[in-house]
Amino acid sequence: MRENLDAVVIGSGPNGLAAAIVLAQAGLQVVVFEAAATLGGGCRSAEVTLPGFVHDLCSAIHPFALASPFLRTLPLARFGLEWIEPPVMVAHPLDSSAAGCIYRSVDTTCASLGIDSETYRSMVEGALGNWSKIDTAILGPLRWPQHPLALARFGMLALRSAERMARTFRTEAAQSLFGGIAAHSMLPLDRLPTGAVGLVLTLLAHVAGWPMPKGGAQRLADAMAGYLRSLGGEVVTGAAVTSVDDLPPCRAVLCDLSPLPLLRVAGHRFPPSYRRALERFRYGNGVFKVDWALDAPVPWRDPVCAQAGTVHVGGNLDEIAASERAVWNGAHPERPFVLATQPTMFDPTRAPAGKHVLWAYCHVPSRSSRDMLGPIERQIERFAPGFRERVLARTITTSEEIEARNPNFVGGDIAAGVMDLRQLFTRPTWRTYSTPLRGVYICSASTPPGVGVHGMSGYFAAQRALREVFA
Ligand SMILES: Cc1cc2nc3c(=O)[nH]c(=O)nc-3n(C[C@H](O)[C@H](O)[C@H](O)COP(=O)(O)OP(=O)(O)OC[C@H]3O[C@@H](n4cnc5c(N)ncnc54)[C@H](O)[C@@H]3O)c2cc1C
């Protein structure tokens, strides 16, 4: 370990690595301590079914990474990162009509949406034209925007519930497509800001695509760590920090931690009022995840689904809304909304020749230990008859296990905190990245802009540390 450390980062998730990179770029000596045996946090891959089948343990599809105003400035290609863009960003199969699809091109998407073509175009085109003016405001903390008019226009469009926005379309395909995208919010679809989540993810499909790193999500984390090392930074794995008191002397500590794990390592140093504020932070529902090794591709009934990196499996808008509402009310839906990705359709490096991996999860109540494999496989089988016959092996991960693997995802909440309006901009408290302790910062997805592999929480936390501690 180096002497004369300037800063320690606790946790090597994408935000922890981003924070460390910002500090190292400023010429500071930084070390990242990671509890797990491998680096990357929610951006890791491993062979969890059969040898030679590489599965993403958490993140799989990375529109935020490619659109991130910080990550896109980094020379990650030099450190092995290659992006793969599928021909269709997301497909949404239906029982009795063609699947709804979003393509990288707005024109191609509109052409596929028939009578909803113009409604779709008017929803996305204005915001796409202003994207470069509003991206750091959307992917950042609340502050006075550089382009208030462009942001206000986006807000007028986005501040509706997903159900309201989806019902501006006339076809089942377009309605369900938008509802499925908005369901990434893990909120009931009649709540705010589900419309904004749906709109931002839809815009990103056109701005950056919904791509995947060749070889799996781990390659993105590895490339970030490689760049960090080239700047003189260090990552130490298998190094769980139990208390900030045990850290080597340094001027700043950046915690890639959500509030509960943060309380465990630093709670005794915080004033009671701040401790209580962190204890009040609300975590959301969990996910139940399945990874499959397959003998052949998923036999989607609608062949366009085979072209999509992401497939949303849940039927029509009413069904998705009912499924998300049920989970919010503490129930396990019999017909869950399932988010699936099929990387080996576009990246043969991740499975033996001719074989495939499939990744999927559905939302479940927080801390659920219920096995949702049956309901998930029935949903896939509904749109891909014969799917089960292609399964060579499967590994399930319950919400409880997701938290056991990464303490940030409390109760299996992959967003590290409910992303509703109350907690969207003031995550985890009004202080956002700062804590009452001088030199101690939070840089995880529990700060703005929240969930996703974008590194922006790390970027903003590190900028604040540079201003307040190292200026
Ligand atoms: C199943 C699943 C699917 C997802 N899908 C996507 C997706 O497709 N696209 C997307 O953009 N996002 C996705 N996400 C969300 C994404 O993974 C997270 O938003 C992102 O990883 C948050 O990054 P982070 O750096 O804030 O924290 P994390 O990635 O959670 O990293 C925190 C790190 O801190 C370490 N740590 C914790 N406590 C300690 C300690 N005491 N000492 C040392 N180290 C510690 C942890 O081991 C972990 O490595 C998904 C998440 C899950 C779980």
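Below is a short write-up of the structure. (Residues numbered from 1 in each chain as written. Predicted model: local features only at pLDDT ≥ 70, side-chain atom pairs only at ≥ 80, totals over all residues. Heavy atoms only, no water.)

## A word on the overall build of the chain
Right, so step 1: The number of helices and strands found in the chain is 17 helices and 16 strands.
Right, so step 2: For the chain, whose C-alpha radius of gyration is 21 Å, the value lies close to the compact-globule estimate of 23 Å for 471 residues.
Right, so step 3: Structurally, the chain occupies a C-alpha span of about 65 × 55 × 45 Å along its principal axes.
Right, so step 4: Across the 471 residues that make up the chain, the buried fraction comes to 63%.
Right, so step 5: A separation of at least 24 residues holds for 75% of the contacts in the chain among residues at least 6 apart in sequence.
Right, so step 6: Averaging the locations of the 44 positively and 40 negatively charged side chains of the chain gives two centres separated by 6 Å. (Helix = DSSP H or I, 4+ residues; strand = E, 2+ residues; numbered from the N terminus. Rg over C-alpha atoms; globule rule 2.2 N^0.38 Å. Buried < 20%, exposed > 50% of the residue type's maximum accessible area, 1.4 Å probe, protein only. Contact = heavy atoms within 4.5 Å. Lys, Arg positive; Asp, Glu negative; His and termini not counted. Charge placed at Lys NZ, Arg CZ, Asp CG, Glu CD.)

## Observations regarding the site of the ligand
Right, so step 1: Not every one of the 35 residues close to the ligand is listed here, only the nearest: Asn15, Glu34, Gly42, Ile61 and Asp256.
Right, so step 2: Contact between the ligand and Asn406: an oxygen atom at 2.8 Å from a side-chain N or O atom of the residue.
Right, so step 3: Coverage of the ligand by the protein amounts to 94% of the 1000 Å² it exposes when considered alone.
Right, so step 4: At the level of elements, α1 (14-25) and β14 (356-364) are the ones that each hand at least two residues to the shell around the ligand.
Right, so step 5: The element best represented in the shell around the ligand is α1, accounting for three residues.
Right, so step 6: Split into classes, the residues belonging to the shell around the ligand amount to 20 nonpolar, twelve polar and three charged. (Near = heavy atom within 4 Å. Polar contact = N/O pair within 3.5 Å; in protein donor to acceptor, adjacent residues only side chain to side chain. Areas by Shrake-Rupley, 256 points an atom, 1.4 Å probe, with all protein chains shown as cover. Nonpolar A, V, L, I, M, F, W, Y, C, P; charged D, E, K, R; others polar.)

## Focus on the pattern of salt bridges
Right, so step 1: Here the structure, examined in full by the defined rule, presents 21 salt bridges.
Right, so step 2: Residue Glu125 pairs with Arg121 through a salt bridge whose shortest N-O separation is 3.0 Å. Highlighted residues: Glu125 and Arg121, both in helix α4 (residues 117-129), separated by four residues, approximately one helical turn.
Right, so step 3: On the basis of relative accessibility, which here comes to 39%, the residue Glu125 falls in the partly exposed class.
Right, so step 4: A single salt-bridge network, built from bridges that share partners, covers Asp95, Glu319, Arg335 and Arg382. (Salt bridge = Lys/Arg side-chain N within 4 Å of Asp/Glu carboxyl O.)

## With respect to the pairing of strand β2 (residues 30-33)
Right, so step 1: By the alternation rule, side chains of β2 split into Val30 and Val32 and Val31 and Phe33, which are all buried.
Right, so step 2: Inspection of the sheet shows β2 paired to strand β9 (residues 234-236) by three bridges, in the parallel sense. By the bridge assignment, Val32 is partnered in β9 with Val235. (Pairing = 2+ DSSP bridges.)

## Quick notes on unusual backbone geometry
If a residue is not glycine, its phi is most likely negative; likewise, a peptide bond is most likely trans.
Right, so step 1: In the segment running from Leu192 into Pro193, the intervening peptide bond is cis, with an omega of 0°.
Right, so step 2: One non-glycine residue with positive phi stands out, namely Met186, at about 60°.
Right, so step 3: On the accessibility criterion, Met186 (8% relative accessible area) is buried.
Right, so step 4: The backbone of Ala416 shows a phi angle near 50°, a positive value even though the residue is not glycine.
Right, so step 5: Note that Ala416 resides in the loop between α15 (399-405) and α16 (421-424).

## Overview of the sheet that holds strand β1 (residues 7-10)
Right, so step 1: Across the sheet, which stays open at both edges, the five strands sit in the order β9-β2-β1-β10-β16 with parallel pairing between neighbours. At either end of the open sheet lies a strand with only one pairing partner, and these are β9 and β16 (440-442). Within this sheet the neighbouring strands show an average axis-to-axis angle of 20°, counted without direction.
Right, so step 2: Along the sheet face, α1 touches β1, β2, β9 and β10 (252-255) and points at about 170° away from the line of β2. (Axes fitted to C-alpha atoms, helices over the stretch in contact; angles between N-to-C directions.)

## Digging into helix α10 (residues 218-230)
Right, so step 1: Compared with the 18 Å implied by 1.5 Å per residue over 13 residues, the 18 Å span of α10 between its first and last C-alpha is a close match.
Right, so step 2: If you check which residues of α10 are buried, you get Gln218, Leu220, Ala221, Ala223, Met224, Ala225, Gly226, Tyr227 and Leu228.
Right, so step 3: Residue Gly232 follows α10 closely and has a positive phi angle near 100°. (Expected span 1.5 Å × (residues − 1).)

## A word on the side chain of Gln218
Right, so step 1: Structurally, the position occupied by Gln218 is in helix α10.
Right, so step 2: Here the side chain of Gln218 touches Leu39 through a polar contact of 2.9 Å, landing on its backbone oxygen.
Right, so step 3: If near-sequence neighbours (up to four positions away) are discounted, Gln218 is found in contact with Leu39, Cys43, Arg44 and Ser45.

## Notes on the environment of Val244
Right, so step 1: Mapped onto the elements, Val244 comes out in the loop between β9 and β10.
Right, so step 2: Of the residues examined, Val244 reaches a relative accessible area of 9% and is grouped as buried.
Right, so step 3: A sequence separation of 135 residues divides Val244 from Gln379, and the C-alpha atoms of the two residues are 46 Å apart.
Right, so step 4: Excluding anything up to four places from it in sequence, Val244 contacts Ile10, Val265, Ala266, His268 and Arg269.

## Considerations on the packing of aromatic side chains
What describes a pair of aromatic rings is the distance from one ring centre to the other and the angle between the planes of the rings.
Right, so step 1: The final tally for this structure, using the stated rule, is eight aromatic pairs.
Right, so step 2: Between Tyr459 and Phe460, the ring centres sit 5.2 Å apart and the planes meet at 75°, which makes this aromatic pair edge-to-face.
Right, so step 3: By relative accessible area, which is 24% here, Tyr459 ends up partly exposed.
Right, so step 4: Overall, Phe460 belongs to the buried group, its relative accessible area being 11%.
Right, so step 5: By the ring-pair criterion, three or more aromatic residues cluster together here, those being Phe70, Tyr433, Tyr459 and Phe460. (Phe/Tyr/Trp six-rings, centres within 6.5 Å; stacked < 30°, edge-to-face > 60°.)

## A short note on the nonpolar core
Right, so step 1: Counting residues in each nonpolar core, the largest one holds 99 residues, and the members touching the most others are Phe154 and Leu254.
Right, so step 2: Top element by residues in this core is α1. It accounts for eight residues.
Right, so step 3: Discounting residues that sit within four places of it in the chain, Phe154 has contacts with Ala127, Ile134, Ile138, Leu199, Val200 and Leu203. (Core = buried A, V, L, I, M, F, W, Y, C linked by side-chain atoms within 4.5 Å.)

## Considering the environment of Ala393
Right, so step 1: Inspection of the secondary structure puts Ala393 in strand β15 (residues 391-397).
Right, so step 2: On the basis of relative accessibility, which here comes to 15%, the residue Ala393 falls in the buried class.
Right, so step 3: For Ala393 and Leu294, which are 99 residues apart along the polypeptide, the C-alpha to C-alpha distance reads 7.1 Å.

## Observations concerning the packing of helix α6 (residues 148-158) against helix α9 (residues 194-207)
Right, so step 1: Two elements in contact, α6 and α9, have axes whose closest approach is 9 Å; the angle formed by their N-to-C orientations is 120°. The angle between α6 and α9 places the two elements in the oblique class. Where α6 abuts α9, its residues Phe154, Leu157 and Ala158 lie against Gly195, Ala196, Leu199, Val200 and Leu203. (Parallel < 35°, antiparallel > 145°, perpendicular 65-115°, else oblique.)

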